[in-house]
Amino acid sequence: MGMLEGKKALIVGVASPRSIAWGIAEAMHREGAELAFTYQNEKLKSRVEKIAEQTGSSLTMPLDVADDDQIDAVFDTLKNEWGALDIIVHAVGFAPRDQIEGEFADVVSREGFRIAHDISSYSFAALARAGRPLMEGRNGAMLTLSYLGAVRAMPSYNVMGLAKASLEAGVRYLAHGLGPHGIRVNGISAGPIKTLAAAGISKFRAMLEHVETTAPLRRSVTIEDVGNTAAFLCSDLAGGITGEITYVDAGYNIVGMAGLD
Ligand code: NAD
Ligand code: 0WE
């Protein structure tokens, strides 16, 4: 029997078959979960419907996380269709392009900062707040995606690093508040993966190669690696884990004095 048998999961953040959210959806489906999906805009609708179909789901809904009415509408629909919810997966991050190139102090702007934090951090708290009534008292779990730039200064990641730091703090505050309601909240800090969000990032190829020569496992990670960890963290097998950031990065983050061996 799969580790998510009988669980109902909402997946936010599918944009293509390379999306981390897609890898998570496939793993959760394999483990027996029933899935619902959201798409950011009409352009992504058909792609998201495709994975929904592949995972036996017919529940797909529009959701731009900047829009409070759309957030409410998603949980209204889930209440009508399912009555309850066990899992929320948040795999959304965005900053205006001009914010994630060049030196932080040269490019940061008030509006760029606001958008990065709204879309990449506040949106997780907003989903937690709106989803909680449906998840209360049934061993629910929420999961988000972070990156090492939350806790280390990295070239070009800039205000996204601040937004991920805020997101990781959000994981701890949400875990603290929702734990008494039977809801666990965790994050996965994934190594670099070539998704749409990584397309056009200059030197991304070099970053992947750096990980492949430096990480203890001497490889980069895949959406399947992240998906499997996500399925575990949202399952009852992880019933004692909340408020944690789990690194799925082939061990990259634990290395010091890289490159001498
Ligand atoms: P992706 O482009 O496939 O997914 C990003 C998703 O964010 C897309 O589905 C997009 O539609 C959604 N999104 C952006 N703005 C939105 C909005 N206003 N409303 C609703 N949805 C919105 O890329 P990905 O790499 O799978 O990213 C998923 C998560 O993983 C992000 O939080 C990202 O920061 C994180 N992450 C990515 C990597 C990597 O190297 N790819 C590494 C660590 C963490
Ligand atoms: O979180 C991310 C990507 C986040 C992201 C990507 C984009 C591209 C398109 C946020 N906003 C946008 N805005 C766009 O217009 N990652 C962890 C992948 C990533 O992005 C980087 C990285 C890595 C790794 C940006 C600079 C440096 C490294």
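So, how was this worked out
- Just so you know, the residues in each chain are numbered from 1, in the order the chain's sequence is written.
- Note on labels: chains are lettered from A, ligands numbered from 1, in written order.
- This being a predicted model, a pLDDT of at least 70 is required before a residue's local features are given, and a value of 80 or more before pairs of side-chain atoms are given or counted; all residues contribute to the totals for chains, interfaces and linings.
- With hydrogens and water set aside, each side-chain value is computed from the structure's full complement of heavy atoms.
- Only protein chains enter the accessibility calculation, which uses a 1.4 Å probe. A residue is then buried if its area is under 20% of the maximum for its type, exposed if over 50%, and partly exposed in between.
- Counting from the N terminus, the helices are DSSP H or I runs at least four residues long and the strands are E runs at least two residues long.
- Strands were regarded as paired on the criterion that DSSP finds at least two bridges between them.
- Only heavy atoms are used to decide nearness, and a residue is near a molecule or strand if one of them lies within 4 Å of it.
- Side-chain atoms alone can form a polar contact between residues adjacent in sequence; in general such a contact is a pair of N or O atoms within 3.5 Å, and within protein one must be able to donate a hydrogen while the other accepts it.
- To be clear on the numbers: accessible area is Shrake-Rupley with a 1.4 Å probe, and residue cover counts the displayed protein chains and nothing else.
- What a helix is expected to span follows from its residue count: subtract one and scale by 1.5 Å.
- Any pair of residues with heavy atoms lying within 4.5 Å of one another is described as a contacting pair.
- Take the buried residues of types Ala, Val, Leu, Ile, Met, Phe, Trp, Tyr and Cys, join any two whose side-chain atoms come within 4.5 Å, and each joined set is a nonpolar core.

Colleague: Please explain the pairing of strand 1 (residues 8-12) as it appears in this structure.
Modeller: Strand residues, when the strand is regular, have side chains that alternate between the two faces of the sheet. Here strand 1 lies mainly inside the structure; five of its five residues are buried. By the alternation rule, side chains of strand 1 split into K8, L10 and V12 and A9 and I11, which are all buried. With five bridges joining them, strand 1 and strand 2 (residues 34-39) adopt parallel strand pairing. Bridged to K8 within strand 2 is E34.

Colleague: Sorry, what's going on with the site of ligand 2 here?
Modeller: In the vicinity of ligand 2 there are 13 residues, among which F94, A95, Y147, Y157 and A197 approach most closely. Contacts to ligand 2 include A95, whose backbone N or O atom sits 2.8 Å from a nitrogen atom. Between ligand 2 and Y157 there is a distance of 2.7 Å, counted from an oxygen atom to a side-chain nitrogen or oxygen. Compared with its free state, where it exposes 590 Å², ligand 2 has 87% of that area covered by protein.

Colleague: Would you mind showing me how to read helix 2 (residues 42-54) here?
Modeller: Think of an α-helix as turning once every 3.6 residues; residues three or four places apart then point the same way. Relative to the 18 Å expected for 13 residues at 1.5 Å per residue, helix 2 spans 19 Å between its end C-alpha atoms, a close match to the ideal helical length. Every buried residue belonging to helix 2 is among L44, V48, I51 and A52, and all of these are buried. At its buried positions, helix 2 is contacted by helix 1 (20-30), strand 2 and strand 3 (60-62).

Colleague: Would you mind showing me how to read the nonpolar core here?
Modeller: Soluble globular proteins tend to bury their nonpolar side chains together. Formed by 41 residues in total, the largest nonpolar core has its most connected members in I11, I24, M28, F37, I188 and V226. Sorting the residues of this core by element identifies strand 1, helix 1, strand 2, helix 2, strand 4 (87-90), strand 5 (140-146), strand 6 (183-190) and helix 8 (223-233) as the ones contributing at least two each. Examining the composition of this core, we find that seven residues originate from one element, helix 1, more than from any other. Once you skip the residues sitting within four places of it in the chain, M28 turns out to touch L4, A9, I11, A33, L35, I87, V89, A230, A231 and C234. I88, F124, A128 and M142 belong to the second largest nonpolar core, which has 32 residues in total.

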